[in-house]
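Chain by chain, the residues:
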Amino acid sequence: IADKVKGYICVNSADFEKDRKILLPLVECLIECVVEYSRELNRIKRLNEKFDFGDIEHLALELLIERDGDTVSKTALAKSLSETYAEIMVDEYQDTNMLQDMLFSAISDDEKNLFFVGDVKQSIYRFRQAMPEIFMGYKDSFEVYKNNNYPATINLDRNFRSRKGIVEGINFFFDFLMTRKTCGIDYKKNERLDFGGNYNEDATPCVSVHIVETDKTRGSDLVAEARHIGNEIKKLVESGTLVGKKGKERP
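Predicted, not measured: the structure shown is a model, and the values here were computed from it.

A. Region of interest: the pairing of strand 1 (residues 65-68). Relative to strand 2 (residues 71-74), strand 1 is paired through four bridges, and the arrangement is antiparallel. Within the sheet, the bridge partner assigned to E66 lies in strand 2 and is S73. Once strand 1 ends, the chain turns through two residues before running back antiparallel as strand 2, passing G69 with a positive phi of about 70 degrees.

Structure, rendered in structure tokens:
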């Protein structure tokens, strides 16, 4: 490996050490500036009693968790609060982060009364520091629920919202596209959907692939796609196509 990367290294050890010594005081000064800025900003926030959502999370954690070196433990307040909750149930857990996970743990009964619901396939908030791997860690470490074992995983794999053809189409594509390597889950193994809806059988295919040829003179690719989708909806409406479940269909 060293031989392969040798051509990409533009300095020797002596040059690197020289650069490091030059940069060290600058980096230390930058860190001091950031720390001082943060300290002053927090002072002004407390003075005016105005905080953002992230501030509130961190302040809550300070009230519930105390540190002694690498050891983390509950505060007296956290222990008192944990006695007041029979159950702690959280939806969309794939969108939580480590701080939020610690908050739920802190107010729980040693994590014995936590109930999480989530779907990593719907995780879209990494830009907000969401960590879907936390939810997957719980899911992978627990055994499948049976005979009141705890902690355990219950797979909510039945889809009641879509026709059978839609479910089968989604499974077909996601079997190939969603793997541990590409997105952190093995869709084919334990994330596939099972059809559970109460729909009439329909001879019309539920899934179709549309390849939209774009014309730059008429707008962007997005405009072309939107125009095409709008035309498809218009055709469905004009044809009197019915949607809905058995006994509750509508145009």
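B. Structural detail: the pattern of salt bridges. Overall, the coordinates contain 14 salt bridges when judged by the stated rule. Salt-bridge contacts for K45 lead to D52; the nearest nitrogen and oxygen are separated by 3.7 Å. You can call K45 buried: its relative accessible area is 17%. For K112, the salt bridge is made with D109, and the minimal N-O distance between the two is 3.6 Å. When salt bridges with common partners are traced through the structure, they connect D119, K121, K139 and E191 into a single cluster.

C. Broad picture of the environment of E111. The topology assignment puts E111 in the loop between helix 5 (98-106) and strand 4 (114-116). Under the relative-accessibility criterion, E111 is labelled partly exposed at 35%. For the pair formed by E111 and K50, sequence separation is 61 residues and the distance between their alpha carbons is 32 Å. In this structure E111 touches S105, Y138 and Y150, once residues within four positions along its chain are discounted.

D. Fine view of the nonpolar core. Core analysis: the largest hydrophobic core is formed by 23 residues, its most contacted members being L64, Y93 and F116. If you list the elements that add at least two residues to this core, you get helix 3 (53-64), strand 3 (88-90), helix 5, strand 4 and helix 6 (132-141). Per-element accounting of this core gives the leading share, four residues, to helix 6. Excluding its chain neighbours within four sequence positions, the residues that come into contact with F116 are V90, Y93, F135 and Y138.

E. Quick peek at the packing of aromatic side chains. Evaluation of the coordinates by the stated rule reveals nine aromatic pairs. Relative to F116, the ring of Y93 lies with its centre 3.7 Å away and its plane at 20 degrees, an arrangement referred to as stacked. Highlighted residues: Y93 in the loop between strand 3 and helix 5 and F116 in strand 4, separated in sequence by 23 residues. Given a relative accessible area of 0%, Y93 falls into the buried group. Seen from their ring centres, Y125 and F127 are 5.8 Å apart, and the 50 degrees between their planes marks the pair as tilted. When its relative accessible area of 27% is taken as the criterion, Y125 is described as partly exposed. Judged by its relative accessible area of 60%, F127 falls in the exposed class. Among the aromatic residues, those joined into a ring-pair cluster are Y93, F104, F116, Y138 and F142. One Lys or Arg, K188, reaches over the ring of F176 and ends 5.9 Å from the middle of that ring.

What counts, and where the lines are drawn
- Residues numbered from 1 in each chain as written.
- Predicted model: local features only at pLDDT ≥ 70, side-chain atom pairs only at ≥ 80, totals over all residues.
- Heavy atoms only, no water.
- Pairing = 2+ DSSP bridges.
- Helix = DSSP H or I, 4+ residues; strand = E, 2+ residues; numbered from the N terminus.
- Salt bridge = Lys/Arg side-chain N within 4 Å of Asp/Glu carboxyl O.
- Buried < 20%, exposed > 50% of the residue type's maximum accessible area, 1.4 Å probe, protein only.
- Contact = heavy atoms within 4.5 Å.
- Core = buried A, V, L, I, M, F, W, Y, C linked by side-chain atoms within 4.5 Å.
- Phe/Tyr/Trp six-rings, centres within 6.5 Å; stacked < 30°, edge-to-face > 60°.
- Lys NZ or Arg CZ within 6 Å of the ring centre and 35° of its normal.

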